[in-house]
Amino acid sequence: MPCSSSHRLFARSCLILLAACLIGSPLRSSQAKTVHMIETGSTLLYPLFNLWVPVYTASHTNVRITTEATGSGTGIAQAAARLVQLGASDAYLSPALTHLHPGLLNIPLAISSQMVNYNLPGLNDRPLRLSGPVLAGIYTGRIRYWDAPAIRALNPGVPLPHHLILPIHRSDGSGDTFIFTQYLSFSAPSWMRTTAYGTTVSWPPVRNGMGATGNPGMVQALDTNPYAIAYIGVSYRSAILKDHLGQALLENRAGHFVSLTAAHVMAAVRARVNATPPNQAISLVYAPGAESYPIINYEYVVVEKHQPNPSLALSVRQFLDWAISAQGGNAPSFLNRVGFVPLPPRAIRQSEKQISEIR
Amino acid sequence: MWFRRLLSAFALLVPLVLVLIAIFLISYAWPAIRFNRLDFLLHDTWNIGNQYANPIVRRGATIMPGASFGIFFLVAGTLGSALIGLLIAFPLGLGAALFLSEAVPRRLGHLVSFFVELLAAIPSVVFGLWGIVFLVPLLSHHVYPILAETLSFLPFFRRPTGSGYGLLTSGLILSLMIVPFIAATLRDALASQSHAMREAGISLGATRFEVATRILLPGQKAALAGATMLAFGRALGETMAVLMVSGNALNYLPQNIYSPISTMAAFIVAQLDSALADPTGMAVRSLAEIAVLLLLISLLINGLARFMIGTLKEHTL
């Protein structure tokens, strides 16, 4: 009967499949040493991880790393929930989070910085001087026009237009908002009292002000809106240059107006690195020193120090040790492409010590 | 017998999912509902608090200092943009439906209505991108200044015209997204009416326009009302496109029709990442409370649509 023959065929193919599985399983168990890590979080660190991972996994064939750009808050939350091994964050862990998750480490991987950009037709080639208190005035709506006395006083001789300022802020949660509002908080006490800092803050309602999503959204909003001002991560500098937008000189703690260069960023790092505590939760914003650029930060990876098994812990340690070493992930060939600056030796030693706690 | 049981199980599965989602959302948002009380709906004070301070206890809940969750501005932005979308889409959809069913030859009508329905198939992120790259600069540089000039006698249309991201832009994008709902539903309803009605009208000396507006349309009140409500529901829940062109205002009400706004759905997406870092969890639970509210409004609108279709049908039959 055709029916029974088809049954027999089915049974036979099942047997073959079963055999294939049995034969195949030793093969698979030899591959079981492959360690799979997931990275998620900061969209600012995401391009760097994407440069790192192919190079690292090419020389470490037993490691697979998946990268995801979700946002710093998600990175911290998923690392705390142990859904991912590597949570990327622009902000260090808050004391309350550390209290809640005592096993979480925040380990600096590199140093990032931030630009303050503007779109002033005819003046974009001329770096305007801006200070924290003036920016705080703009973002609270107290300083409304480009030719306001406070801005004119910082920029004598510049033909500033009598035009409403359009302050743009990030509407999604963002490490850029975190360090920008820290700059305002540390330099303008009134801002600290009313708004303070965070990855998202309750922005004072400014008529004309607007929110944009992500750094690309900030660049786009700035480009399409003359007389706007925005804070944008250094990785987007090429986009700013391409669109011929202005970049401000920012006043540092010593009262000097400095441009965003690697030398000025390094000066700020040197001024703050000795103050960094062993858990490395520190803000680098508004560092002392005549040459220091005021808005810089550590880019962190958030890791649970108790990993589920030793082989995973070893892989995480090896990858992070490679990422912070000057011959590995902190090499200029990686960092220059995203505008980051390498960790100084003391920070590397501190990071190494924290990495060694992952078990 | 088993076949019938299987089918009923499948049929029950869908409403069960809805009930489970509602139960999950409400129970997850419950601490926030208790903490926020009615302030949630009445104030414009969304602030997840100082994340780097120590948590405090207020009204029996652990929160970060300064935390406060009031979303009146989101309710206003959501209803405002959806209403503007509807105001623009309704005449457009009505006109398109009349045109397609009455004014053009049947074959051409089919072809054109196919394209109208294709409009509904465009992913909303595409609308958003087109809005950012094309519509926002066009509106802010060319259209809104003229609009503000010519309509300056209306208080809500006066300057400043802002950046192009805002209430009217969101409404315009939404109207494009919901036009096909109204047009397609109404066209099908009109096309399904018997030819005898049309012929009777024309034999009495009515023009085609009069036949369409006096004879055919009144019979389709139910379809029109239902399609409109469903389109409104769709506009209320739209997330991505609005997120991209609304200007994402925080804690303030629109000053005029060009002002930046934010909507409930877009706000959940924009704020989730920050909220996740809140160690007390109250920020995420408050976002869930917004989701509960959105769910309730959507159910209400859909229920109302059904009710209207039901009662209007009884009237016309």
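Computed from a prediction, not measured in an experiment: that's the story for all the values here.

Each value, and the rule that gives it
- Starting afresh in each chain, residues are numbered from 1 along the sequence in its written order.
- The order in which chains are written sets their letters, starting at A; the order in which ligands are written sets their numbers, starting at 1.
- Reporting in this predicted model follows two pLDDT cut-offs: at least 70 for local features of residues, and 80 or more for side-chain atom pairs to be given and counted; totals over whole chains, interfaces and linings ignore these cut-offs and use all residues.
- Remark: hydrogens and water are excluded; side-chain values derive from all non-hydrogen atoms of the structure.
- For helices the rule is a DSSP run of H or I covering at least 4 residues; for strands it is a run of E covering at least 2, with both sets numbered from the N terminus onward.
- In this tally, Lys and Arg are treated as positive and Asp and Glu as negative; His is ignored, and so are the chain termini.
- In plain terms, the charge of a residue is placed at NZ if it is Lys, CZ if Arg, CG if Asp and CD if Glu.
- Within 3.5 Å is the distance limit for a polar contact, defined as a pair of N or O atoms, with the added protein rule that one can donate a hydrogen and the other accept it, and that residues adjacent in sequence qualify only through two side-chain atoms.
- Contacts were defined at the residue level, with two residues in contact if any of their heavy atoms lie within 4.5 Å.
- Burial here depends on accessible area, computed with a 1.4 Å probe over protein chains only, as a share of the maximum for the residue type. Under 20% is buried, over 50% is exposed, and the range in between is partly exposed.
- By the convention used here, strands pair only if DSSP detects at least 2 bridges between them.
- A 1.4 Å probe that fits into a set of points on a 1 Å grid over the protein atoms alone but cannot get out defines a cavity; an open set with protein on both sides within 12 Å along at least five of seven lines defines a pocket, and lining residues are those with an atom within 4 Å of a point.
- Grid points are joined across faces, edges and corners, and a volume is the space filled by probe spheres set on the points.
- Each residue is assigned to one class: nonpolar for Ala, Val, Leu, Ile, Met, Phe, Trp, Tyr, Cys and Pro, charged for Asp, Glu, Lys and Arg, and polar for all the others, Gly among them.
- The split of the chain into domains comes from an automatic or database domain assignment.

(A) The arrangement of the overall build of chain B in detail. Secondary structure assignment for chain B yields twelve helices and two strands. Starting at the N terminus, the α and β elements of chain B follow one another as α-α-β-β-α-α-α-α-α-α-α-α-α-α. Expressed as lengths along the three principal axes of its C-alpha atoms, the size of chain B is roughly 80 × 70 × 30 Å. Considering chain B, the positive charge centre built from 19 side chains and the negative charge centre built from 13 side chains are found 6 Å apart.

(B) Structural context of the side chain of Ser140(B). Residue and element names in this part refer to chain B. Residue placement: Ser 140 occurs in helix α5 (residues 124-150). Here the side chain of Ser 140 touches Pro 137 through a polar contact of 3.4 Å, landing on its backbone oxygen. Ignoring sequence-local partners within four residues, the contact set of Ser 140 consists of Pro 145, Gly 162, Ser 163 and Gly 164.

(C) View of the environment of Leu130(A). All names here are of chain A. Note that Leu 130 resides in strand β5 (residues 129-130). Here Leu 130 falls in the buried class, since its relative accessible area comes to 0%. Placed 96 residues apart in sequence, Leu 130 and Thr 34 show a C-alpha to C-alpha distance of 52 Å. In contact with Leu 130, other than residues within four places in its own chain, are Val 116, Leu 135, Ile 151, Leu 154, Tyr 183, Ile 229, Ala 248, Leu 249, Leu 250, Glu 251 and Phe 257.

(D) View of the sheet that holds strand β11 (residues 257-258) of chain A. Residues and elements named next belong to chain A. Spatially, the three strands line up as an open sheet ordered β5-β10-β11, and their pairing is mixed. Taken across any chain shown, the strands that pair with only one partner, and hence form the sheet edges, are β5 and β11. In the sheet, strand β10 (residues 249-251) pairs with β11 via two bridges, with the strands oriented antiparallel. Note on β11: the bridge partner recorded for Glu 251 is Phe 257.

(E) Looking closely at unusual backbone geometry. Here Arg159(B) and Pro160(B) are connected by a cis peptide whose omega angle stands at 0°. Take Pro160(B): it is sitting in the loop between α5 and α6 (167-191). For Ala196(A), which is not glycine, the phi torsion reads 60° and is therefore positive. Considering the arrangement of structural elements, one finds Ala196(A) in the loop between α8 (189-194) and β7 (210-212). When its relative accessible area of 11% is taken as the criterion, Ala196(A) is described as buried. Positive phi, normally seen in glycine, also occurs at Tyr286(A), with a value near 60°. As for its placement among the helices and strands, Tyr286(A) is situated in the loop between α11 (262-273) and β12 (296-304).

(F) Spotlight on the layout of surface pockets. The space that makes up the largest pocket amounts to roughly 720 Å³. Lining the largest pocket are 38 residues, and of these Asp172(A), Thr213(A), Gly214(A), Asn215(A) and Gly217(A) sit closest to its centre. Counting residues per element, the lining of the largest pocket draws most heavily on helix α9 (residues 214-224) of chain A, at six residues. Per-class residue counts for the lining of the largest pocket are 18 nonpolar, 15 polar and five charged. Built from parts of two domains, the lining of the largest pocket gets at least three residues from each of domain 1 (35-111 + 296-355) and domain 2 (114-275) of chain A. For the second largest pocket, the calculated volume is near 350 Å³. Around the second largest pocket, the lining is made up of 15 residues, and of these His163(A), Ser140(B), Thr161(B), Gly162(B) and Ser163(B) lie nearest the centre. Here the lining of the second largest pocket gets three residues from one element, more than from any other, and that element is α5(B). Taken together, the residues that form the lining of the second largest pocket break down as six nonpolar, eight polar and one charged.

(G) Structural view of the pairing of strand β3 (residues 86-89) of chain A. Residues and elements named next belong to chain A. Burial along β3 is two-sided: the face carrying Leu 86 and Ala 88 and the face carrying Gly 87 and Ser 89 are both buried. Two strands pair when backbone bridges link them, and strand β1 (residues 35-41) and β3 are joined in this way by three bridges, in the parallel orientation. Across the sheet, the residue bridging to Thr 40 is Gly 87, located in β3. Of the strand pairs in this sheet, β3 and β12 are connected by three bridges, and their pairing is antiparallel. Looking at β12, one finds that Ala 88 is bridged to Val 301.

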